[in-house]
Amino acid sequence: MLLIGQYDSPFVRRVAITLGFYGLAFEHAPWSAFGDVDRIARYNPLRRVPTLVLDDGMALVDSSAIVESIDDMVGCDRAFLARRGDERRALLRWCAFAAGVADKGVSLVYEGAFREGLPLWVQRCRAQVSDTLDMLDGERAARAGPWLFGEEISHADIILATMFRFLSEALPDQFEMGRWHALSRHSVRCEALPEFAAACQPFNLAMPED
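The protein chain appears in an unreviewed UniProt entry as Glutathione S-transferase family protein from Sphingomonas oligophenolica.

(A) Highlighting the packing of helix α6 (residues 155–170) against helix α7 (residues 181–191). Contact geometry of α6 with α7 gives a least axis separation of 9 Å together with a crossing angle of 105°. One finds that α6 runs roughly perpendicular with respect to α7. Note on element contacts: α7 touches α6 through L183, S184, H186, S187, C190 and E191, opposite D157, L160, A161, F164 and R165. Across the contact of α6 with α7, the residue classes tally to five nonpolar, three polar and three charged.

(B) Structural context of the environment of A182. Tracing the chain through its elements places A182 in helix α7. When the C-alpha atoms of A182 and D62 are compared, they prove to be 27 Å apart, with 120 residues separating the residues in sequence. If we skip the residues at most four places from it in the chain, A182 touches D137, R140 and A141.

(C) The arrangement of α6 in detail. With 16 residues, α6 should cover 22 Å at 1.5 Å per step; its first-to-last C-alpha distance of 22 Å lies within 8% of that length. Burial within α6 is extensive, with 13 of its 16 residues counted as buried. The residue sitting at the N-terminus of α6 and contributing the capping side-chain oxygen is S154; that oxygen lies 3.2 Å from the backbone nitrogen of A156.

(D) Expanded view of the packing of aromatic side chains. Evaluated as defined, the whole model comprises six aromatic pairs. Arranged with centres 6.2 Å apart and planes meeting at 85°, the rings of F21 and F80 form a pair that is edge-to-face. Of this pair, F21 sits in helix α1 (residues 10–22) while F80 sits in the loop between α3 (63–74) and α4 (85–114), placing them 59 residues apart in sequence. On the accessibility criterion, F21 (16% relative accessible area) is buried. With centroids separated by 5.4 Å and ring planes inclined at 80°, the aromatic side chains of Y22 and F80 adopt a geometry described as edge-to-face. Here the residue Y22 occupies a position in helix α1, and F80 occupies one in the loop between α3 and α4, the gap between them amounting to 58 residues. Given a relative accessible area of 4%, Y22 falls into the buried group.

(E) Geometry of the nonpolar core. L133, L160, M163 and L167 are the most contacted members of the largest nonpolar core, which totals 31 residues. Going through the elements one at a time, α4, α5 (119–141) and α6 are the ones with two or more residues in this core. Among the elements that take part in this core, α4 stands out by supplying ten residues, more than any other. Counting 26 residues, the second-largest nonpolar core is a separate cluster that includes F21, L54, I66 and V67.

(F) Region of interest: α5. Compared with the 33 Å implied by 1.5 Å per residue over 23 residues, the 33 Å span of α5 between its first and last C-alpha is a close match. All of the buried residues in α5 are V122, C125, V129, S130, T132, L133, L136, D137 and R140.

(G) Structural view of unusual backbone geometry. Backbone torsion omega between V49 and P50 reads 5°, so that peptide bond is classified as cis. Its location among the elements puts P50 in the loop between α2 (37–41) and β3 (51–53). For R47, which is not glycine, the phi torsion reads 60° and is therefore positive. Within the element layout of this structure, R47 appears in the loop between α2 and β3. Although it is not a glycine, D62 adopts a positive phi angle of roughly 75°. Along the chain, D62 turns up in the loop between β4 (59–61) and α3. Given a relative accessible area of 44%, D62 falls into the partly exposed group.

About the cut-offs
Residues numbered from 1 in each chain as written. Predicted model: local features only at pLDDT ≥ 70, side-chain atom pairs only at ≥ 80, totals over all residues. Heavy atoms only, no water. Axes fitted to C-alpha atoms, helices over the stretch in contact; angles between N-to-C directions. Helix = DSSP H or I, 4+ residues; strand = E, 2+ residues; numbered from the N terminus. Parallel < 35°, antiparallel > 145°, perpendicular 65-115°, else oblique. Contact = heavy atoms within 4.5 Å. Nonpolar A, V, L, I, M, F, W, Y, C, P; charged D, E, K, R; others polar. Expected span 1.5 Å × (residues − 1). Buried < 20%, exposed > 50% of the residue type's maximum accessible area, 1.4 Å probe, protein only. Polar contact = N/O pair within 3.5 Å; in protein donor to acceptor, adjacent residues only side chain to side chain. Phe/Tyr/Trp six-rings, centres within 6.5 Å; stacked < 30°, edge-to-face > 60°. Core = buried A, V, L, I, M, F, W, Y, C linked by side-chain atoms within 4.5 Å.

Structure follows, in C-alpha cells:
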C-alpha cells in the first residue's frame, strides 16, 4: 500500500497511525497537496490527501472512509480500534466532531495564508472550532478511563489527538489550546505512544509555486 500525504495533516496522520496499530505495512509518499499536486493527481483526481493506494491500484480517499476500509481489511476480530452497537454510534459522533474541527482549522490556515480573510467567515470558523472544543473537552473530562471507551484505544481517540496537535501547531496564535485541559491530557497520552511518534512531522505549510 502507498499512503500519500504529509504527516502534518491530521487526516493523513490518522490513517498512518491506524495502519501502525494494525501492523499493516505501507510505503509513505510525503507529497504536498500544493507542491506535488501533479503527482497526487495521477492517483486521485480530487488532488487531496490522504490518498491510500491499495496493492491492486485502487485509490481510497477521505480519512473516515479509509479507516473504515482498513477495519474491513483486518476483519472484525482484529479491528480493535472500531466499536459496535451504541459505542459505534458514539465513536462515529466523536470522529465526526473532531474531524470537523480539524477541517475548520484547515480553513483558517488557508484564509491566513492566501488572503486576508473575510472577517465574518474567519469569525465563524473560530467560533465553530472553539465551541466544539469546549463540548469535546467537557465530554472527555467526563470519561474516567484512559481512553474514550475504556481500556483500549479507538479511532475516536486517534482523530481527537491528531486534530488537537494540528491546531496547536498550525494555529498557535488563534487558540489557547491549554484551556482545554482534558483534551490536552488526552493529546499527551496519545503522543507518548510509538504509533503516534512514528507518524509525526512538524507543521509546515508548503505554498504553491508560481
